[in-house]
Amino acid sequence: MTTTSPITASDHRRVSKAAVRDEPPRRRRFKPGAGRQHHAGPFAYFALAVVGIGSLFPLYWTLVAASRTQDEILDTTPPLVPGGNLFHNLQAAWEQAHLGKAILNTVIVSASITLATLFFCTLAGYAFAKMRFKGRGALMTAVIATLTIPPQLSVVPLFMMMSDIGWGGQLESVIFPTLVSAFGVFFMRQYLVEALPYELIEAGRVDGANNLRIVWSIVLPVARPAMMVLGMLTFVQAWNDFFWPYLALNAENPTLQVALGQLTASYVPDQSIVMAGALISTLPLLIVFVIFGKQIVGGIMSGAVKG
């Protein structure tokens, strides 16, 4: 017959301590402040108001100056409210700079450059991001290195090239040199590296899709947010470009920015008419942003989340 020794209180304490040590560490349910919605204070609203007013004031001043006369703008105390000469100044700017043809040329140039940049940069970005080929790293380094070259260095040889081809003074001389950009290739490559998983590409190949089908059905839908951002940046840059169109085109076939330069060609330019022309050149950009603003902001936020 066996006897068992009585369990003492010290044994209970040793057993409980051992059990505590063997238990897996418990997770904290919530970190301090996690999931809490932060509310903006008065300082945040004040800072946002200052930034908003500072951003909108140049546009507002353009409207005020475009609706006033030259004497009113140059007065000791310039006006801060719009006047009644807006439509007169807009008509004068339209007729003096021949803005109708200039706007049409700018739309053609900006749309062509934007569409071509999106197409070629998306294809190149996909190739650099997801395709394996010899010299990929060296080629990508060369593309990025072109961003460090000032564009002024290529003006003379590019101008001579366009003249030899016979495109001097034509819109082709502005469109073709900018059909693809190194920044666009790098931007699309960085986005597709994170946003496009290899599993989708492999699934498309298993289904028998070739590279063009993969690009059309898989790459383009995934890259749409980044394409919206790149398209907006490219369109704004092409619309506001002055340096190269000023050299490549002439007064009979100008873009909008080149035509606006004619308003300041006189010895004493009328600043109210100049501001009216600047207002005309700004309105199309505002319309484009209002139409595509939601997609552009969504693309920027998508890239921020993925980063």
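Residues numbered from 1 in each chain as written. Predicted model: local features only at pLDDT ≥ 70, side-chain atom pairs only at ≥ 80, totals over all residues. Heavy atoms only, no water.

Bringing the overall build of the chain into the picture now. Helix and strand counts for the chain come out as 14 helices and zero strands. Counting every position in the chain, which comprises 307 residues, the buried fraction comes to 31%. Partitioning the intrachain contacts of the chain with sequence separation of at least 6 by distance along the chain shows that 72% fall at a separation of at least 24. For the chain, the exposed area adds up to about 20500 Å²; of that, 66% sits on carbon and sulfur atoms. (Helix = DSSP H or I, 4+ residues; strand = E, 2+ residues; numbered from the N terminus. Buried < 20%, exposed > 50% of the residue type's maximum accessible area, 1.4 Å probe, protein only. Contact = heavy atoms within 4.5 Å. Areas by Shrake-Rupley, 256 points an atom, 1.4 Å probe, with all protein chains shown as cover.)

Moving on: the nonpolar core. Within the largest apolar cluster, 21 residues are counted, with the highest numbers of intra-cluster contacts made by Tyr 126, Met 188, Leu 192, Leu 196, Ile 214 and Val 219. Looking at this core, the elements with two or more residues in it are helix H5 (99–130), helix H9 (182–195) and helix H11 (211–240). Among the elements that make up this core, the one with the highest residue count is H11 (eight residues). For Tyr 126, the residues in contact, after removing those within four places along its chain, are Met 131, Leu 192, Leu 196, Ile 201, Arg 205, Ile 214, Val 215 and Val 219. If you look at the next biggest cluster of nonpolar residues, it comprises 20 residues, including Ala 93, Leu 256, Ala 259 and Leu 279. (Core = buried A, V, L, I, M, F, W, Y, C linked by side-chain atoms within 4.5 Å.)

Our focus in this paragraph is a nonpolar patch on the surface. There is a patch of nonpolar side chains on the surface, built from Ile 144, Leu 147, Phe 183, Phe 186 and Leu 233 and spanning about 420 Å² of accessible area. Accessibility expressed as a relative area gives 35% for Ile 144, which makes it partly exposed. (Patch = residues over 30% accessible without salt bridge, like charges linked within 9 Å, V, L, I, M, F, W, Y side chains within 5 Å. Salt bridge = Lys/Arg side-chain N within 4 Å of Asp/Glu carboxyl O.)

The end-to-end C-alpha distance of helix H2 (residues 42–66), which contains 25 residues, comes to 35 Å, matching closely the 36 Å that a straight helix rising 1.5 Å per residue would cover. Along its length, H2 reaches its greatest deviation from straightness, about 35°, at Phe 57, and the proline Pro 58 lies no more than four positions downstream. Listing the buried residues of H2 in full gives Thr 62, Val 64, Ala 65 and Ala 66. (Expected span 1.5 Å × (residues − 1). Bend = angle between axes of the 7 residues up to and from the residue.)

Attention now moves to the packing of aromatic side chains. For the coordinates displayed, the defined rule picks out six aromatic pairs. We note Lys 130 situated over the ring of Tyr 198; from NZ or CZ to the ring centre the distance is 4.2 Å. (Phe/Tyr/Trp six-rings, centres within 6.5 Å; stacked < 30°, edge-to-face > 60°. Lys NZ or Arg CZ within 6 Å of the ring centre and 35° of its normal.)

Relative to the helices and strands, Pro 78 is located in the loop between helix H3 (70–73) and helix H4 (86–96). Sequence-distant contacts of Pro 78, that is, excluding residues within four places in its chain, are made with Trp 61, Glu 72 and Ile 73.

As a packed pair, H5 and helix H13 (residues 256–263) sit with axes 8 Å apart at the nearest point and diverge in direction by 150°. It follows from the interaxial angle that H5 and H13 lie roughly antiparallel. Residues Leu 99, Ala 102, Ile 103 and Thr 106 of H5 lie in contact with H13, whose contacting residues are Leu 256, Ala 259 and Leu 260. A breakdown of the residues in the contact of H5 with H13 according to their chemical character gives six nonpolar, one polar and no charged. (Axes fitted to C-alpha atoms, helices over the stretch in contact; angles between N-to-C directions. Parallel < 35°, antiparallel > 145°, perpendicular 65-115°, else oblique. Nonpolar A, V, L, I, M, F, W, Y, C, P; charged D, E, K, R; others polar.)

Relative to each other, helix H6 (residues 136–145) and H9 sit at 130°, their axes nearing to 8 Å. Looking at the two axes, H6 sits oblique to H9. The two elements H6 and H9 meet at a crossing, and its hand is left-handed. Counting all contacts with H6, which are made through Met 140, Val 143 and Ile 144, the residues of H9 involved are Ala 182, Val 185, Phe 186 and Arg 189. Of the residues in the contact of H6 with H9, the class split is six nonpolar, no polar and one charged. (Left-handed = near helix turned anticlockwise from the far one by under 90°.)

On to the pattern of salt bridges. Counted under the stated rule, the structure contains two salt bridges. A salt bridge links Glu 72 to Arg 68, with the shortest nitrogen-to-oxygen separation between them at 3.7 Å. In this structure Arg 68 comes out as buried when scored by relative accessible area, which is 15%.

Attention now goes to the confidence of the model for the chain. For any part of a model where pLDDT is low, the fine detail of the predicted coordinates should not be relied upon. Mean pLDDT over the chain works out to 82, with 83% of the residues at or above the 70 mark. Predicted confidence is poor over residues 1–5, with pLDDT under 50, and the contacts of this stretch with residues over four places away or in other chains come to zero contacts. (pLDDT = per-residue confidence, 0-100.)

Moving on: H4. Inspection of H4 places Leu 86, Asn 89, Ala 92 and Ala 93 among the buried residues, and these make up the whole buried set. Buried residues along H4 cover an arc of 130° about the axis, so they all sit on one side. Of the residues in H4, the exposed ones pointing more than 90 degrees away from the buried face are Phe 87 and His 88. Phi turns positive, to about 50°, at His 98, one or two residues after H4. (Arc of directions from axis to C-beta.)

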